[in-house]
Amino acid sequence: MTNLNATRSRFDLPEGLVYLDGNSLGPVPCDAAAAVTRAITDEWGELLVRGWNDADWMESSTRIGDRIGRLIGAPEGTVIVGDTLSLKVYQALAAALELRPERNVVVSDSGNFPSDLYMADGLFRTMGSSHELRIVAPDAVSDAIDESVAVVLLTEVDYRTGRRHDMGALTAAAHAAGALTVWDLAHSAGAIEVDLAGCDVDFAVGCTYKYLNGGPGSPGFIFVSEALIDEVRPALSGWLGHETPFAFDLDFRPDPGIGRMRIGTPPVLALAALDVALDAWEGVEMADVQARSIELSERLIAGVEASCPTLDLASPRNPDNRGSQVAFRHPEGYAVMQALIACGVIGDFRAPDLIRFGITPLYLEEADIDRAVEILIEIMASDAWDTPEYRKRKAVT
Ligand SMILES: *Cc1c(COP(=O)(O)O)cnc(C)c1O
């Protein structure tokens, strides 16, 4: 059984704050500053360019990839970190489309994060192709998969409502129709149990600054199944995806493994922070995290529903159909969230009317949920949110 009391002390959370936004940006691990400082002084400072060999900078993308792989059911050697999630979506989709040249439909759903859809659209334009993005309602995805479909491109957990797709069933449906799958794990990795190998997923991508706590702008990751990796031709074929980058050959020959999905120079300092953030996951089983997340989520939902009649649950009620976040609707959700933040409870708002709470058992416990509920009840009962100041929108919501 995972000891989640021990993981809490690994994070530096400001005193008196309840942090329910780890689904957007995880908190800073206590060891992060020292780890980044060490990378700057001992490695960059002392070793200079020798760091690429002597501090294993070059190997860190696959080594850290494997650390993430353990949390998402990916075998060793199938995950690599680098670049941003949006770029990894582009890479995965481009590679998948090339494996289905005779088909021209990509299925996605209207709950997907817009960047994933924008990247698909941009890719089609770059290809000068006649591909069609078939965007359907989340519960209509299965019916939309037919023999014209090349790729099913889905985010497992809806960033707004937390609705969760059935990865196993939809991957099987895609394969039965001869299509490939690209799963976005932005709200899954470190949030819920994921079994990429068990679900026979073809490609998966994700980011590390949400539930994995890698820090603002920490790099994304990509998974390619063992069955496909030999066939995959990276569309963004940078020199560090080459089999022998330091041969400086004029033609691109991909690395034999997942290394081919690397594009360029790894962000060494960001990886130092991510690496130390992943220490918190050592000995942690995702099944335990998910079970705990459900307990805390149920507590939040029960508390809010008992005393805040104007807040409507927007997340699925059945925990099996939910990721690790809870959202409520309110017509003035933005102002409600601003009032909450002013009282030391940090969640966030997603247009048009959702207030969102990330449930992160690595560093949250019952007392945090109870405090958040108590303050929310106070704000709703007193209409404390109803001020011009709280209604004024900031650039990042
Ligand atoms: C957070 C998120 C992104 C963000 O992509 P970046 O390139 O890291 O900015 C993309 N897709 C999904 C589904 C997300 O939740």
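See the structure shown above.
Residues numbered from 1 in each chain as written. Predicted model: local features only at pLDDT ≥ 70, side-chain atom pairs only at ≥ 80, totals over all residues. Heavy atoms only, no water.

Trainee: Help me understand the layout of surface pockets in this model?
Mentor: Here the idea is plain: a probe the size of a water molecule rolls over the atoms and shows the empty space left. Volume-wise, the largest pocket comes out at about 500 Å³. Lining the largest pocket are 28 residues, and of these Ser24, Tyr209, Lys210, Arg350 and Arg356 sit closest to its centre. Per element, the largest residue contribution to the lining of the largest pocket is three residues, and it comes from helix α11 (residues 333–342). When the residues that make up the lining of the largest pocket are grouped by side-chain class, the tally is nine nonpolar, eleven polar and eight charged. (1 Å grid on protein atoms, 1.4 Å probe; cavity = no way out; pocket = protein on both sides within 12 Å on 5 of 7 lines; lining within 4 Å. Points joined across faces, edges and corners; volume = space filled by probe spheres on them. Helix = DSSP H or I, 4+ residues; strand = E, 2+ residues; numbered from the N terminus. Nonpolar A, V, L, I, M, F, W, Y, C, P; charged D, E, K, R; others polar.)

Trainee: Can you help me understand helix α8 (residues 167–176) in this one?
Mentor: One turn of an α-helix holds 3.6 residues; hence residues three or four places apart share an orientation. All of the buried residues in α8 are Met167, Leu170, Thr171 and Ala174. Seen along its axis, α8 keeps its buried residues to an arc of 100°; they face one direction. Packing partners of the buried residues in α8 comprise α7 (141–144), β5 (149–155) and β6 (180–184). For α8, the N-terminal capping position is held by Asp166, with its side-chain oxygen 3.3 Å away from the main-chain nitrogen of Gly168. Of the residues one or two after α8, Gly178 is the one with positive phi, at around 85°. (Buried < 20%, exposed > 50% of the residue type's maximum accessible area, 1.4 Å probe, protein only. Arc of directions from axis to C-beta. Contact = heavy atoms within 4.5 Å. Polar contact = N/O pair within 3.5 Å; in protein donor to acceptor, adjacent residues only side chain to side chain.)

Trainee: Mind showing me how you'd approach the pattern of salt bridges here?
Mentor: In total, this model carries 28 salt bridges according to the counting rule given. Across the pair Glu332 and Arg391 runs a salt bridge, and its minimum N-O distance is 3.1 Å. Taken together, the positions of Glu332 in the loop between β10 (325–329) and α11 and Arg391 in helix α13 (residues 388–391) put the pair 59 residues apart, joining distant regions of the chain. Since its relative accessible area comes to 36%, Arg391 is described here as partly exposed. A single salt-bridge network, built from bridges that share partners, covers Arg63, Arg67, Asp275, Asp279 and Glu282. (Salt bridge = Lys/Arg side-chain N within 4 Å of Asp/Glu carboxyl O.)

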